[in-house]
Amino acid sequence: MRLAIRVRPGAARESVGGAYGEEAVVVKVNARAVDGRATEAALRAVADAFGVRRAAVRLVTGATSRDKVVEITGNDQELTERAVALRMA
């Protein structure tokens, strides 16, 4: 499943949830946007939020942007339900 995310680096608390635009899920991370640290932290946070291993989350586009697309490997139905719940959070 592919998921659009909006990364907010430098947040006080890490969290995944809330909507950005029509499709993206907001991912707040503590790490600053330096040397890919925020991107890696966002990928770990997405993996935790979806209950999958970090290796199951792959960056598709947006390596240097706050707007990214990730691909999550797993049960598509469960992942879709979780994505909808996170957008509503």
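Refer to the structure above for everything that follows.
Residues numbered from 1 in each chain as written. Predicted model: local features only at pLDDT ≥ 70, side-chain atom pairs only at ≥ 80, totals over all residues. Heavy atoms only, no water.

S.K.: Sorry if this is basic, but what is going on with the layout of surface pockets here?
M.R.: Over the atoms rolls a probe the size of a water molecule, and its path tells where empty space is left. By volume, the largest pocket is sized at about 160 Å³. What lines the largest pocket is a set of 14 residues, and nearest its centre among them are A33, A38, T39, T64 and K68. Per-element tally for the lining of the largest pocket: the top contributor is helix α1 (residues 37–50), with three residues. Its residues placed into classes, the lining of the largest pocket shows six nonpolar, four polar and four charged. (1 Å grid on protein atoms, 1.4 Å probe; cavity = no way out; pocket = protein on both sides within 12 Å on 5 of 7 lines; lining within 4 Å. Points joined across faces, edges and corners; volume = space filled by probe spheres on them. Helix = DSSP H or I, 4+ residues; strand = E, 2+ residues; numbered from the N terminus. Nonpolar A, V, L, I, M, F, W, Y, C, P; charged D, E, K, R; others polar.)

S.K.: Explain α1 to me, please; I cannot follow it from the model alone.
M.R.: One turn of the α-helix equals 3.6 residues, which is why residues spaced by three or four share an orientation. Spanning 14 residues, α1 covers 20 Å between terminal C-alpha atoms, matching the ideal 20 Å at 1.5 Å per step. Extensive coverage of α1 is indicated by the burial of ten of its 14 residues. Here α1 has its buried residues at A38, T39, A41, A42, L43, A45, V46, A47, A49 and F50. Of the surrounding secondary structure, the elements contacted by the buried residues of α1 are β1 (2–8), β2 (15–20), β3 (24–28), β4 (57–61), β5 (67–72) and α2 (76–88). A positive phi of about 70° marks G51, the residue just after α1. (Expected span 1.5 Å × (residues − 1). Buried < 20%, exposed > 50% of the residue type's maximum accessible area, 1.4 Å probe, protein only. Contact = heavy atoms within 4.5 Å.)

These figures come from the coordinates and say nothing about function on their own.
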